[in-house]
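Listed below, chain by chain, are the residues.
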Amino acid sequence: RYVRQLQRLQLLFSPTAADARGARQFVEEEAQDFARQHPDVVLYVSPHSGPGPAPVLRAEYLNGTVRDELIASKTSEEIVQLATKLANQSGLDIVRIRKPFHTDNPSVQGQWHPLTNKPSILTVQGPRLQPQ
Amino acid sequence: MVVLSAARWLRSRLSDRFWRVQEVLKYARHFRGRKNRCYKLAVRSVRRAFVKSTKARREKKRFLRALWITRIEAASLEHGLKYPAFISNLVKSQVELNRKVLADLAIYEPKTFKSLAALAQRRRQEGFLAALGDGKEPEGIFSRIVHHH
């Protein structure tokens, strides 16, 4: 069963700032629909009064990563798209994956070493090998 | 009064120059010399580094293929076969393994690789018999071709 990796979305904005207009529109119009479509994500709306930091959409994931996305001077639709993108992500950091595969046991028959294909006299040590 | 553009004597000055510079310098941090600290030198170096990394993607494929071929050659020589004989006989026996997989087998599954070398050797002998024997002997077992329809 699919478990959504996004835990909560915090919408931090100031109700009087000019660049938070899209955030305010999002809260008025589309926040409820978004919350209904994503029932396993908790949406917190925390307006801080007065001049403060830029409006930010903070996403927290189940593995603990916190991702902040600026929503200053963004329209309501763009914020909805951003929120859905964050909701579909997992909390893994976005780095280039060097290889698309990984094994803990790469070798089943035993990894090659310079003595694998040599006669076993070179490896075996025992009393029988002493010259008579 | 509606003003469409600012007056000529009003200048706008950059306030986030630090972050614009850091965007470039963060890719130059592991360079040698002053180009990991000084922006003017770093811009050139970072641009060249990106261009080289883009172009090298084509070379990487060639380089890795050559590496695999070297490894397969070394492994098959351990079993007494040269690389062209090994590869051609594997292909004739309809074993469609690419060089990457063969190199990984040679490293991590030496017994499998030994059996593949033995298969190639057997197919080689059957090929010689078919070419030199000329006729009355039946065809070799490993020379039979399976048709998938």
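Residues numbered from 1 in each chain as written. Chains lettered and ligands numbered in written order. Predicted model: local features only at pLDDT ≥ 70, side-chain atom pairs only at ≥ 80, totals over all residues. Heavy atoms only, no water.

So, the pairing of strand β3 (residues 56-61) of chain A
Residue and element names in this part refer to chain A. Of all six residues that make up β3, five are buried, and the element is covered over most of its length. Here six bridges tie strand β1 (residues 6-13) to β3, and the two strands are oriented antiparallel to one another. Note that in β3 the partner of L12 across the bridge is V56. One ladder, built from five bridges, connects β3 with strand β4 (residues 66-70); its direction is antiparallel. Bridge assignment links V56 to a residue of β4, and that residue is L70. Connecting β3 to the antiparallel partner β4 that follows it, the hairpin turn spans four residues, and G64 within it adopts a positive phi of roughly 100°. (Buried < 20%, exposed > 50% of the residue type's maximum accessible area, 1.4 Å probe, protein only. Helix = DSSP H or I, 4+ residues; strand = E, 2+ residues; numbered from the N terminus. Pairing = 2+ DSSP bridges.)

As for the UniProt feature "domain: Ribosomal protein/NADH dehydrogenase" (unreviewed entry) in chain A
UniProt's entry tags residues 15-90 of chain A with the feature "domain: Ribosomal protein/NADH dehydrogenase" (unreviewed entry), counted in the numbering of this structure. For residues 15-90 of chain A, the end-to-end C-alpha separation is 30 Å, with 39% helix and 22% strand making up the annotated structure. (UniProt positions renumbered as here; feature names shortened; annotations may be inferred.)

Describing unusual backbone geometry
Backbone geometry at S73(A) places phi at a positive 55°, although glycine is not the residue there. In this fold, S73(A) is placed in the loop between β4 and α2 (76-88). A relative accessible area of 63% means that S73(A) is categorised as exposed. Even without glycine at this site, Q94(B) takes up a positive phi of about 60°.

Describing the environment of D93(A)
Relative to the elements of secondary structure, D93(A) occurs in the segment after α2. Considered as a pair, D93(A) and R67(A) are 26 residues apart in the sequence and their alpha carbons are 9.5 Å apart.

A few points about the interface of chain A and chain B
Counting residues at the interface gives nine residues for chain A and nine residues for chain B. Both sides of the chain A and chain B interface together cover about 900 Å² of buried area, and 45% of this is carbon and sulfur. Counting the surface chain A buries against chain B, the share from its top three residues, Q109(A), W112(A) and N117(A), is 60%. In this structure, the connection of chain A to chain B is made through zero salt bridges. At the boundary of chain A with chain B, the tally comes to six residue pairs in polar contact (both at pLDDT 80 or more). Classifying every residue of the side of chain A that touches chain B gives three nonpolar, six polar and no charged. (Contact = heavy atoms within 4.5 Å. Buried area = accessible area lost by both parts, 1.4 Å probe. Salt bridge = Lys/Arg side-chain N within 4 Å of Asp/Glu carboxyl O. Polar contact = N/O pair within 3.5 Å; in protein donor to acceptor, adjacent residues only side chain to side chain. Nonpolar A, V, L, I, M, F, W, Y, C, P; charged D, E, K, R; others polar.)

Thoughts on the domain arrangement of chain B
How big an interface is tends to be reported as the loss of accessible area on association of its parts. The domains assigned to chain B are domain 1 (18-58) and domain 2 (64-132). Just the C-alpha atoms count here: the centres of domain 1 of chain B and domain 2 of chain B sit 44 Å apart. (Domains from an automatic or database assignment.)

Quick look at the side chain of H38(A)
Residues and elements named next belong to chain A. Here H38 shows up in the loop between α1 (21-37) and β2 (42-47). In this structure H38 comes out as buried when scored by relative accessible area, which is 8%. Discounting chain neighbours no more than four positions away, the residues touching H38 are R4, T84 and A87.

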